[in-house]
Structure formats: C-alpha cells, structure tokens
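Topology and contacts: notes
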Amino acid sequence: MAEGDPIRGKKVFNKCKACHTPGEGKHKIGPSLYQIIGKKAGTAAGFKRYRGLKGADWKWTEETLDLFLTNPKKFVKKKADKRSSMLLKLKERKDRDDVISYLKS
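For the structure given in this document, a descriptive report is provided here. (Residues numbered from 1 in each chain as written. Predicted model: local features only at pLDDT ≥ 70, side-chain atom pairs only at ≥ 80, totals over all residues. Heavy atoms only, no water.)

Digging into the overall build of the protein
Short version of the rule: Strands are runs of DSSP state E lasting at least 2 residues, helices are runs of H or I lasting at least 4, and numbering of each runs from the N terminus. Taken over C-alpha atoms, the radius of gyration is set against a globule rule of 2.2 Å times the number of residues to the power 0.38. Think of it in three bands: residues with accessible area under 20% of the maximum for their type are buried, residues over 50% are exposed, and the middle band is partly exposed, with areas taken using a 1.4 Å probe on protein chains only. Residue contacts are defined here by distance: any two heavy atoms, one from each residue, within 4.5 Å place the two residues in contact.
Within the protein, the regular secondary structure consists of four helices and zero strands. The order of α-helices and β-strands along the protein, N terminus first, is α-α-α-α. Here the C-alpha radius of gyration of the protein, 13 Å, is about what a compact globule of 105 residues would show, namely 13 Å. Split into buried and exposed, the 105 residues of the protein put 40% on the buried side. Restricting to contacts in the protein with at least 6 residues of sequence separation, those with at least 24 account for 41%.

So, the packing of helix α2 (residues 62–70) against helix α4 (residues 93–104)
Helix packing for two helices is described by the angle between their axes and how far apart those axes are. Quick note on the threshold: Orientation is described by axes fitted as lines to C-alpha atoms, over the contacting stretch for helices, and by angles from 0 to 180 degrees between their N-to-C directions. Between 65 and 115 degrees an angle is taken as roughly perpendicular, under 35 as roughly parallel, over 145 as roughly antiparallel, and anywhere else as oblique. What makes a crossing left-handed is the near helix being turned counterclockwise from the far one by less than a right angle; a clockwise turn instead makes it right-handed. Residue classes follow a fixed rule: Ala, Val, Leu, Ile, Met, Phe, Trp, Tyr, Cys and Pro count as nonpolar, while Asp, Glu, Lys and Arg count as charged, and any other residue, Gly among them, counts as polar.
Closest axis-to-axis distance for the α2/α4 pair is 10 Å, and the angle between their directions is 130°. Accordingly, the angle class assigned to the pair α2 and α4 is oblique. Helix-helix and strand crossings are classified by hand; for α2 and α4 the assignment is right-handed. Touching Glu62, Leu65, Asp66, Leu69 and Thr70 of α2 are Arg93, Arg96, Val99, Ile100 and Lys104, all from α4. Its residues assigned to classes, the contact of α2 with α4 shows four nonpolar, one polar and five charged.

A look at the side chain of Arg96
Using the following cut-off: Any pair of N or O atoms that falls within 3.5 Å is considered a polar contact. Within protein, one atom must be able to donate a hydrogen and the other to accept it, and sequence-neighbouring residues count only if both atoms are side-chain atoms.
Tracing the backbone through its elements, the reader meets Arg96 in helix α4. Among the polar contacts listed, one links the side chain of Arg96 to the backbone oxygen of Leu90, at a separation of 2.9 Å.

Thoughts on α2
Residues of α2 that are buried: Thr64, Leu65, Asp66, Phe68 and Leu69. As for α2, its buried residues are in contact with α3 (72–80) and α4.

Examining the layout of surface pockets
This is how it is decided: Points on a 1 Å grid, built from protein atoms alone, make a cavity when a 1.4 Å probe fits but cannot get out and make a pocket when they are open with protein on both sides within 12 Å along at least 5 of 7 lines; residues with an atom within 4 Å of a point are the lining residues. Grid points are joined across faces, edges and corners, and a volume is the space filled by probe spheres set on the points.
Taken as a whole, the largest pocket spans an internal volume of roughly 730 Å³. Lining of the largest pocket is provided by 33 residues; of these, His20, Gly30, Pro31, Phe68 and Met86 occupy positions nearest its centre. Mapped onto the lining of the largest pocket, the elements with two or more residues apiece are α2 and α4. Looking at the lining of the largest pocket element by element, the count peaks at three residues for α2. In terms of residue class, the lining of the largest pocket is built from 20 nonpolar, eight polar and five charged. Reported here for the second largest pocket is a volume of approximately 200 Å³. Together, Glu63, Thr64, Leu67, Thr70, Asn71, Lys74, Phe75, Lys78 and Lys79 line the second largest pocket. Residue assignment for the lining of the second largest pocket shows that the elements contributing at least two residues are α2 and α3. Tallied by class, residues from the lining of the second largest pocket come to two nonpolar, three polar and four charged.

Thoughts on the pattern of salt bridges
Quick note on the threshold: What counts as a salt bridge is simple: a side-chain nitrogen of Lys or Arg found within 4 Å of a carboxyl oxygen of Asp or Glu.
Taken as a whole, this structure holds nine salt bridges when the rule is applied. The closest approach of N and O atoms between Arg8 and Asp95, which form a salt bridge, is 2.7 Å. Of the two residues, Arg8 sits in helix α1 (residues 6–12) while Asp95 sits in helix α4, which places them 87 residues apart along the sequence. Put simply, Asp97 and Arg93 hold a salt bridge, and the shortest N to O gap is 3.1 Å. With a gap of four residues between them, Asp97 and Arg93 both fall in helix α4, about one helical turn apart. Judged by its relative accessible area of 7%, Asp97 falls in the buried class. Of the residues examined, Arg93 reaches a relative accessible area of 38% and is grouped as partly exposed.

See below:
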C-alpha cells in the first residue's frame, strides 16, 4: 500500500465527519475511528448500532480499510454476507491512502 499524506488525509476526512469522529469513544451515527488499525471490525466500545459489521470476523488493516472505503456495501456483502449502512465511497486511491494515513497518525 502506498504511503499517504496524513495532513491531506485530515482534510479528506472532513467528508467522513458527518458520521464518524477520530476521537476516542466519541460516536456519531457511525462509530469512532480512534486507533481503528488493528481493531476487530464491529467492536468499537460503546457503539451499539452495528448492522453489517456485527459479528465481523476480520480486523481493520490498511488493506481492509482500502477495500472497504472503495465500496463499503460490496466489501461487507462479500466478507460477511450482510449489508453495510455506510454510503460514502472514496473512489480516488490517493484519498483512501491519505485518510488511512491520517487514521494511523
């Protein structure tokens, strides 16, 4: 995976802020993405509204985040035969790399 620019990624993350926060334990419509890399999908503490990720059997890695952000509904359907409620897609590879880099920082 190409290294992204976390500063640019913070700006791209503005598209995500309607539903997610990067802050620890601060949930919105979607779960907090605090230290998401390495966490098991569907397990953010205190977030109870999981649909497609409830009972997920994978961890968030740079690769799984990249695939998920490309097309969340398709990714979850393929991985878990469930539906994701996430609508946003980051079509540009650079945007995904930068957001992932921001989430890692």
